[in-house]
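Listed here are the chains, written in short residue letters.
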Amino acid sequence: MLKKGDFARLRQSSRRIGSRYFSAEYRSNEDTVARLGQAVSRRVSKLAVQRNRLKRLVRESFRRQRLQLPGLDILVIPRTAAVSLPGPELLADLELLWSKLPRPQR
């Protein structure tokens, strides 16, 4: 998700899920493909290097799971504690987050 309107629609009518180091808001979209948005504020870390690292890890995890995810717009928000953890632990936590998303009814 790149446009301001996409984020506004998501924030207006979304559901929430969370894991230990991340929270997420999601809503169904018109498409059959999942779309990712990220919000990593300076409250999480004052250092841009750390914020960018978190964004890279979220993007990589999403890229691996994208085909298994339903058609949702997903906004991922890292928690402050995520900054100090190693990458593999964060990727495992993101796997848990993706598993909490609702699956389409067959």
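Look up a bit, the structure's there.
Since we're looking at a predicted model, the values are computed, not measured.

Rules used in this analysis
Residues numbered from 1 in each chain as written. Predicted model: local features only at pLDDT ≥ 70, side-chain atom pairs only at ≥ 80, totals over all residues. Heavy atoms only, no water. Pairing = 2+ DSSP bridges. Helix = DSSP H or I, 4+ residues; strand = E, 2+ residues; numbered from the N terminus. Axes fitted to C-alpha atoms, helices over the stretch in contact; angles between N-to-C directions. Contact = heavy atoms within 4.5 Å. Salt bridge = Lys/Arg side-chain N within 4 Å of Asp/Glu carboxyl O. Buried < 20%, exposed > 50% of the residue type's maximum accessible area, 1.4 Å probe, protein only. Parallel < 35°, antiparallel > 145°, perpendicular 65-115°, else oblique. Left-handed = near helix turned anticlockwise from the far one by under 90°. Nonpolar A, V, L, I, M, F, W, Y, C, P; charged D, E, K, R; others polar.

(A) Inspection of the sheet that holds strand β4 (residues 72–78) at higher detail. What the four strands build is an open sheet, ordered β1-β2-β4-β3; its pairing is mixed. The open sheet has two edge strands, β1 (15–18) and β3 (35–38), and neither has a second partner. Sheet twist, expressed as the average angle between the axes of neighbouring strands with direction ignored, equals 25°. Note that β1 and strand β2 (residues 22–28) share four bridges and pair antiparallel. Pairing of arginine 15 across the sheet is with tyrosine 26, part of β2. Its contacts with the sheet place helix α2 (residues 48–65) against β2, β3 and β4, and it is angled at close to 170° to β3.

(B) Representation of the pattern of salt bridges. Enumeration over the complete set of coordinates arrives at seven salt bridges. Where arginine 35 meets aspartate 6, a salt bridge forms, and the shortest distance between an N and an O atom there is 3.6 Å. With arginine 35 in strand β3 and aspartate 6 in helix α1 (residues 4–12), this pair connects stretches of sequence that are 29 residues apart. Arginine 35 sits in the partly exposed class, given a relative accessible area of 25%. Notably, a salt bridge pairs aspartate 73 with arginine 35, separated by 2.8 Å at the nearest N-O pair. Taken together, the residues span a long stretch of sequence, with aspartate 73 in strand β4 and arginine 35 in strand β3 at a distance of 38 residues. Taking the relative accessible area as the measure of exposure, aspartate 73 reaches 3% and is therefore buried. Three or more residues joined by partner-sharing salt bridges are found here, namely Asp6, Arg9, Arg35 and Asp73.

(C) Molecular detail of the packing of α2 against helix α3 (residues 87–99). Interaxial distance between α2 and α3 falls to 10 Å at its minimum, and their mutual angle equals 50°. Taken together, the axes of α2 and α3 are oblique relative to one another. For the pair α2 and α3, the crossing hand works out as right-handed. Facing Arg53, Leu54, Leu57, Val58, Ser61, Phe62, Arg64 and Gln65 of α2, the residues of α3 in contact are Gly87, Leu90, Leu91, Leu94, Glu95 and Trp98. Classifying every residue of the contact of α2 with α3 gives eight nonpolar, three polar and three charged.

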